[in-house]
Amino acid sequence: VTCHEHFNLNTNQSLHSCNMISKNAFLFLILHSLSSEVLSRRSILKIENDRRTAFLVEPFCFAEGGYLDLQVQDFVLKSAGKEVQPTSVGFLVRHVDGSAYATANVGDMAVGHDCLLKTEPDDGVPHREYMVPLTPGASNFSLVIETAGAGMYAVLYANCDLGTAASFSLAVTLMNRGGVFLSAGDIPLPATYALLGASFLLAAGVWIAVVRAHRTTAHAIHALMAVLCLVKAAAVLLEAARLDAIRTTGEGHGWTPAYYVFAFVKGIMTFGVILLLGTGWSFIKPFLADRDKRILLVVLPLQVVVNTAMVVVEETPPGTMGWLTWRDVLHL
């Protein structure tokens, strides 16, 4: 889903774009293992002996009156197995141009450049930013977004003390005015998904009525397509409920695993129905040839991997160890 946000700030109107990776499907057990660490826009990020020099913690689009809060606990910096005092380690809360930054990887941006805490992005756009230096133990930072500061922000981590490894626990709260935990461009999504879910239900009802009216010439693939439409409707409606729960509480609660179960089934069925239609199953031949079976055995497991990668990329903070690996798997 790509969200374009237009903030009517003043006579010098600004346009900020927020891009989100579209959600797909995921296995319930894998999601359950992640759910204790992922609380949507109330994210908890645990880092252990991390030697990365920079990574993106979380992007978020704020309207006027938005609120950001960082709570760091148990920060320890080690070099050669011994604790050392940090000299240039911390977070950077940077107001960025969404269209240019949305898909950027901070690790890639930092390659060949100086410390991220001492440099500004070379994109010709003036940036508002706040530095949060880390000290042993606990640190905290909070920010209320003013009218002129509305737009897309990125929370970045940087460790400019070369040869050191950091460990800490970070709790991030990102919220818009009125206790809305959705990014500014995503606020209309619950209603949009609810409308689309109702449309899919209507389409499924019409399709079932047509199939029943022509049952003498209908085939098994037609019934399978009706089931697919119903599963799609359920997945979209559950996504609407999940986003509405996130909007009000910052957590998806029980809607999250229910959505991913149906979305996983929908993803598998979509590719399966397309492949069956291409092979002419049920209306040309009542069986699958060995070649068709081999295609299914290759494509469907790949779809499972893709679904897994997409939900890990979507549901875990970008700063999580291994996040980039799952992103690369998704792209591959």
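Owing to the predicted nature of the structure, the values given are computational and were not obtained by experimental measurement. (Residues numbered from 1 in each chain as written. Predicted model: local features only at pLDDT ≥ 70, side-chain atom pairs only at ≥ 80, totals over all residues. Heavy atoms only, no water.)

S.K.: Could you clarify how one ought to interpret the sheet that holds strand β8 (residues 129-133) in this entry?
M.R.: What links the strands of a sheet is backbone hydrogen bonding, and the strands pair in either a parallel or an antiparallel sense. The antiparallel open sheet is built from four strands, whose spatial order is β4-β10-β7-β8. Looking at which strands have only one partner, the edges of the open sheet turn out to be β4 (54-62) and β8. In this sheet, adjacent strand axes meet at a mean angle of 15° when their direction is disregarded. (Pairing = 2+ DSSP bridges. Helix = DSSP H or I, 4+ residues; strand = E, 2+ residues; numbered from the N terminus. Axes fitted to C-alpha atoms, helices over the stretch in contact; angles between N-to-C directions.)

S.K.: Help me out: how do you make sense of the side chain of D50 in this one?
M.R.: Mapped onto the fold, D50 is located in strand β3 (residues 42-50). Ignoring anything within four residues of it in the chain, the contact list for D50 reads F55, T164, A165, A166 and M321. (Contact = heavy atoms within 4.5 Å.)

S.K.: Looking at this structure, how should I read the environment of G197?
M.R.: Among the secondary structure elements, G197 is positioned in helix α4 (residues 189-213). Overall, the relative accessible area of 0% leaves G197 in the buried class. Once residues lying within four places of it in the same chain are set aside, the contact partners of G197 are A233, V236 and L237. (Buried < 20%, exposed > 50% of the residue type's maximum accessible area, 1.4 Å probe, protein only.)

S.K.: Can you help me understand unusual backbone geometry in this one?
M.R.: Residues other than glycine seldom take positive phi values, yet D74 does so here, at roughly 55°. Here D74 shows up in strand β5 (residues 67-79). The exposed category is assigned to D74, whose relative accessible area is 58%. Its identity is not glycine, yet A80 carries a phi of approximately 55°, on the positive side. Inspection of the secondary structure assignment puts A80 in the loop between β5 and β6 (82-83).

S.K.: When you look at the side chain of T164 in this model, what are you seeing that I'm missing?
M.R.: Examined against the element boundaries, T164 turns out to sit in the loop between β10 (151-159) and β11 (165-175). Judged by its relative accessible area of 6%, T164 falls in the buried class. With near-sequence residues (within four places) excluded, T164 lies in contact with D50, R51, L77, K78, S79, V84 and N159.

S.K.: Honestly, the packing of aromatic side chains in this entry has me stumped. Any pointers?
M.R.: To describe a pair of aromatic rings, one takes the distance between the centres and the angle between the planes. On inspection of all chains with the given rule, the structure shows nine aromatic pairs. Seen in terms of ring centroids, Y157 and F168 are 5.5 Å apart; in terms of plane orientation they differ by 40°. Their pairing is tilted. Residue Y157 is found in strand β10, and its partner F168 is found in strand β11; the two are separated by eleven residues along the sequence. Each member of the pair Y157 and F168 is classed as buried. Taken together, the ring pairs connect F55, F75, F91, Y157 and F168 into an aromatic cluster. (Phe/Tyr/Trp six-rings, centres within 6.5 Å; stacked < 30°, edge-to-face > 60°.)

S.K.: Got a minute to help me understand a nonpolar patch on the surface in this structure?
M.R.: A contiguous nonpolar surface patch, about 290 Å² in accessible area, is contributed by L201, I208, L230 and L237. Listing elements by their share of the nonpolar patch, those giving two or more residues are α4 and α5 (220-249). Turning to its location among the elements, L237 is positioned in helix α5. A relative accessible area of 32% means that L237 is categorised as partly exposed. (Patch = residues over 30% accessible without salt bridge, like charges linked within 9 Å, V, L, I, M, F, W, Y side chains within 5 Å. Areas by Shrake-Rupley, 256 points an atom, 1.4 Å probe, with all protein chains shown as cover. Salt bridge = Lys/Arg side-chain N within 4 Å of Asp/Glu carboxyl O.)

S.K.: Could you clarify how one ought to interpret helix α7 (residues 290-315) in this entry?
M.R.: The terminal C-alpha atoms of α7, which comprises 26 residues, lie 38 Å apart, in line with the 38 Å expected from a rise of 1.5 Å per residue. Residues of α7 that are buried: D292, L296, Q303, N307, T308, A309, M310, V311, V312, V313, E314 and E315. (Expected span 1.5 Å × (residues − 1).)

S.K.: Before we go on, may I ask you to explain the environment of L243 in this structure?
M.R.: Examined against the element boundaries, L243 turns out to sit in helix α5. Residues L243 and P190, 53 residues apart in the sequence, show an inter-C-alpha distance of 5.6 Å. In this view, L243 contacts L182, L189, P190 and Y193; residues no more than four positions away in its chain are not counted.

S.K.: Just checking my understanding: could you explain the nonpolar core for this structure?
M.R.: Core analysis: the largest hydrophobic core is formed by 27 residues, its most contacted members being V57, L68, L70, F91, Y157, F168 and L170. Taken together, the elements giving at least two residues each to this core come down to β3, β4, β5, β7 (89-96), β9 (137-144), β10 and β11. (Core = buried A, V, L, I, M, F, W, Y, C linked by side-chain atoms within 4.5 Å.)

S.K.: Could you clarify how one ought to interpret the packing of α7 against helix α8 (residues 323-331) in this entry?
M.R.: The geometry of a pair of packed helices is captured by two quantities: the angle between their axes and the separation between those axes. Orientation of α7 relative to α8, taken along the N-to-C sense of each, is 140°, at an axis distance of 8 Å. As summarised for this structure, α7 and α8 are arranged oblique, according to the angle between their axes. Crossing of α7 over α8 shows left-handed handedness. On the side of α7, the interface is formed by V305, V306, T308, A309, M310, V312 and V313, while α8 contributes W323, W326, R327, V329 and L330. Taken together, the residues that form the contact of α7 with α8 break down as ten nonpolar, one polar and one charged. (Parallel < 35°, antiparallel > 145°, perpendicular 65-115°, else oblique. Left-handed = near helix turned anticlockwise from the far one by under 90°. Nonpolar A, V, L, I, M, F, W, Y, C, P; charged D, E, K, R; others polar.)

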